[in-house]
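# A look at the structure
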Amino acid sequence: MRIDKYLWHIRYFKTRSIASTACKKGQVKINDQVAKPSREVFNLDKIIVRKNQIDLQLTVLDIPANRVGAKLVDMYRKDTTPKEAYEHGELLKKAKEHYRKQGTGRPTKKDRRDIEGYLDGELPSNTP
């Protein structure tokens, strides 16, 4: 089975075209070699997928015939990603939150209306 199809079947990517694009960008490796989307996958191959700045590592246990449900994914792959990789991802997420606080940025429609009302001399909508 093709690597892009396999990654889509075991739900690492939402669509097959996204999986194919990740392969073309060099974010997927099979046995430490960069894989093209058409590269074949066999049992016991070791795959590394770079997703959300984390190198996810998995071993192919079996090839599914169709796209499988989330509960059945573990029958077809073994996740060998070290815990440090997930911890590193959590640190990156917290660093991004610290850099720019959630909710700051472009005003919402309600904020914009309150600002316009304030400029026109009206009271904000959340004030009784």
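Heads up: the structure comes first, above all this text.
Structure report, in brief. Being a predicted model, the structure only gives us computed values, none of them experimental.

Our focus in this paragraph is the overall build of the protein. Counting its regular elements, the protein contains four helices and five strands. Counting from the amino terminus, the protein carries its helices and strands in the arrangement α-α-β-β-β-β-β-α-α. Looking at the protein residue by residue over its 128 residues, the buried ones come to 27%. For the protein, the share of sequence-separated contacts (at least 6 apart) that also reach a separation of at least 24 residues comes to 40%. About 9600 Å² of surface is accessible on the protein, with carbon and sulfur atoms providing 53% of the total.

What the rule picks out here adds up to zero aromatic pairs. Here the basic side chain of Lys-51 rests over the ring of Phe-13, its NZ or CZ set 5.1 Å away from the ring centre.

Here the largest pocket defines a volume of roughly 260 Å³. Together, Lys-51, Asn-52, Gln-53, Ile-54, Leu-56, Tyr-86, Gly-89, Glu-90, Leu-92, Lys-93 and Lys-96 line the largest pocket. Of all the elements in the fold, those that place two or more residues in the lining of the largest pocket are strand E4 (54–60) and helix H3 (83–99). Top element by residues in the lining of the largest pocket is H3. It accounts for six residues. Residue composition of the lining of the largest pocket, by class: four nonpolar, three polar and four charged.

So, on to the sheet that holds strand E1 (residues 28–30). Judged by pairing direction, the sheet is antiparallel, and its five strands sit side by side in the order E2-E1-E3-E4-E5 without closing on themselves. Every interior strand has two partners, whereas the edge strands, strand E2 (33–34) and strand E5 (77–79), have only one. Both strand E3 (residues 46–51) and E4 contribute to a ladder of six bridges, which runs antiparallel. Considered in E4, the bridge of Arg-50 is made with Asp-55.

Once that is clear, we can look at a nonpolar patch on the surface. Together, Ile-115, Tyr-118 and Leu-119 give the surface a local cluster of nonpolar side chains, amounting to about 390 Å² of exposed area. Structurally, the position occupied by Leu-119 is in helix H4 (residues 109–120).

To continue, consider unusual backbone geometry. One non-glycine residue, Asn-52, lies in positive phi territory at about 55 degrees. Topologically, Asn-52 is positioned in the loop between E3 and E4. Even without being a glycine, Gln-53 presents a positive backbone phi close to 60 degrees. By the element assignment, Gln-53 lies in the loop between E3 and E4.

The rules behind each value
Per-chain numbering applies: the sequence of each chain, read as written, is numbered from 1 onward. Local features are withheld for residues below a pLDDT of 70 in this predicted model, meaning they are given only at 70 or higher, and side-chain atom pairs are given and counted only at 80 or more; totals for whole chains, interfaces and linings count all residues. Computation of side-chain values covers all heavy atoms of the structure but excludes hydrogens and water. Helical segments are the DSSP runs of H or I of at least four residues, strand segments are the runs of E of at least two, and each set is numbered from the N terminus. Under the scheme applied here, a residue whose accessible area is under 20% of the maximum for its type counts as buried, over 50% as exposed, and between as partly exposed, the area being computed with a 1.4 Å probe on protein chains only. Throughout, a residue-residue contact means that at least one pair of heavy atoms, one from each residue, lies within 4.5 Å. Here the Shrake-Rupley method, with its probe set to 1.4 Å, supplies the accessible areas, and only the displayed protein chains count as covering residues. Pairing of aromatic side chains requires ring centres within 6.5 Å, counting the rings of Phe and Tyr and the six-membered ring of Trp. Pairs whose planes differ by under 30 degrees are stacked, by over 60 edge-to-face, and all others tilted. For a ring to carry a charge above it, either NZ of a lysine or CZ of an arginine must fall within 6 Å of the ring centroid while also lying within 35 degrees of the normal to the ring plane. Space inside and on the surface of the protein is sampled on a 1 Å grid over the protein atoms alone, with a cavity defined as a set of points where a 1.4 Å probe fits but cannot get out and a pocket as an open set with protein on both sides within 12 Å along at least 5 of 7 lines; lining residues have an atom within 4 Å of a point. Grid points are joined across faces, edges and corners, and a volume is the space filled by probe spheres set on the points. Residues were grouped as follows: Ala, Val, Leu, Ile, Met, Phe, Trp, Tyr, Cys and Pro as nonpolar; Asp, Glu, Lys and Arg as charged; and all remaining residues, including Gly, as polar. Strand pairing follows a simple DSSP-based rule, namely that at least 2 bridges must link the two strands. Patch criteria: residues need more than 30% relative accessible area and no salt bridge. Like-charged residues are merged within 9 Å; nonpolar side chains of Val, Leu, Ile, Met, Phe, Trp and Tyr are merged within 5 Å. Should a side-chain nitrogen of Lys or Arg be within 4 Å of a carboxyl oxygen of Asp or Glu, the pair is scored as a salt bridge.

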